[in-house]
Amino acid sequence: MTASTRRTVLALYMRVFRIARTWQSEVTSDTESERNYILQEARTLFRQNQQLQDQEAVKRCIEECEARIEIGLHYRNPYPRATYLPPMGLATQKGRKLRAQQRLRKQAKPIYLQSHDDT
């Protein structure tokens, strides 16, 4: 990781912690739980990606972090926004159609959800 990339990642990490410290929920009783969620999510994802060496992978993680920050601040909701894709029930349980539909779902996954597993 280059020095400028490291500086960018550390600045994002500190920005997330500052946001968590000043976070105010729409429902006052949920403020503390949302602050804890922001802190826990940041710690988990940053530690999970700590060993990345590939510059493209690091860049994607930085873009995801920036997107999640902006979306969270805009909508005043720290949780990832749901994606509304058609269910996979239309494809057969095996074969080319299922693989094609799984590939399309993966390609349609927004950048701010790249670190989350498929549910």
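Residues numbered from 1 in each chain as written. Predicted model: local features only at pLDDT ≥ 70, side-chain atom pairs only at ≥ 80, totals over all residues. Heavy atoms only, no water.

In the nomenclature of an unreviewed UniProt entry, the protein is known as Complex 1 LYR protein domain-containing protein of Pleuronectes platessa. Its UniProt record gives the protein a comment under Sequence similarities (unreviewed entry), which states: "Belongs to the complex I LYR family." (UniProt positions renumbered as here; feature names shortened; annotations may be inferred.)

A. Representation of the environment of A20. Within the secondary structure layout, A20 lies in helix 1 (residues 3-22). Residue A20 is classed as buried on the basis of its relative accessible area, which comes to 2%. The spacing of A20 and I38 is 18 residues in sequence and 6.0 Å in space, taken between C-alpha atoms. What A20 contacts, discounting residues up to four positions off in sequence, is R35, I38 and L39. (Helix = DSSP H or I, 4+ residues; strand = E, 2+ residues; numbered from the N terminus. Buried < 20%, exposed > 50% of the residue type's maximum accessible area, 1.4 Å probe, protein only. Contact = heavy atoms within 4.5 Å.)

B. Spotlight on the packing of aromatic side chains. Summed over the entire model, instances satisfying the criterion amount to 3 aromatic pairs. Aromatic pair Y37 and Y79: ring centres 4.6 Å apart, planes at 50°, arrangement tilted. Placement of Y37 in helix 2 (residues 31-48) and of Y79 in the loop between helix 3 (55-75) and helix 4 (96-107) is noted, with a sequence separation of 42 residues between them. Y79 sits in the partly exposed class, given a relative accessible area of 33%. Through pairs of rings, three or more aromatic residues link up here, namely Y13, F17 and F46. The aromatic ring of W23 is capped on one face by R76, whose charged end is 4.2 Å from the ring centroid. (Phe/Tyr/Trp six-rings, centres within 6.5 Å; stacked < 30°, edge-to-face > 60°. Lys NZ or Arg CZ within 6 Å of the ring centre and 35° of its normal.)

C. Region of interest: the nonpolar core. Judged by nonpolar contacts, the single largest core of 14 residues is most densely connected at L12, V16, I38, I62, C65 and I69. Elements with a minimum of two residues in this core: helix 1, helix 2 and helix 3. Ranked by the residues each element gives to this core, the list is headed by helix 1, at 6 residues. Not counting residues up to four positions away in its chain, the partners in contact with C65 are L12, V16 and F46. (Core = buried A, V, L, I, M, F, W, Y, C linked by side-chain atoms within 4.5 Å.)

D. Spotlight on the layout of surface pockets. In this model, the largest pocket occupies a volume close to 850 Å³. Y13, A42, L45, F46 and C65 are the residues nearest the centre of the largest pocket, which is lined by 37 residues in total. Elements with a contribution of two residues or more to the lining of the largest pocket: helix 1, helix 2 and helix 3. For the lining of the largest pocket, the leading source of residues is helix 3, giving 10 residues. For the lining of the largest pocket, a count of residues per class yields 25 nonpolar, 6 polar and 6 charged. (1 Å grid on protein atoms, 1.4 Å probe; cavity = no way out; pocket = protein on both sides within 12 Å on 5 of 7 lines; lining within 4 Å. Points joined across faces, edges and corners; volume = space filled by probe spheres on them. Nonpolar A, V, L, I, M, F, W, Y, C, P; charged D, E, K, R; others polar.)

E. Structural view of a negative patch on the surface. Side chains of D54, E56, E63 and E66 sit close together on the surface and give a patch of like negative charge. A residue is classified by how much of its surface remains accessible, and D54, at 45% relative accessible area, is partly exposed. (Patch = residues over 30% accessible without salt bridge, like charges linked within 9 Å, V, L, I, M, F, W, Y side chains within 5 Å. Areas by Shrake-Rupley, 256 points an atom, 1.4 Å probe, with all protein chains shown as cover. Salt bridge = Lys/Arg side-chain N within 4 Å of Asp/Glu carboxyl O. Lys, Arg positive; Asp, Glu negative; His and termini not counted. Charge placed at Lys NZ, Arg CZ, Asp CG, Glu CD.)

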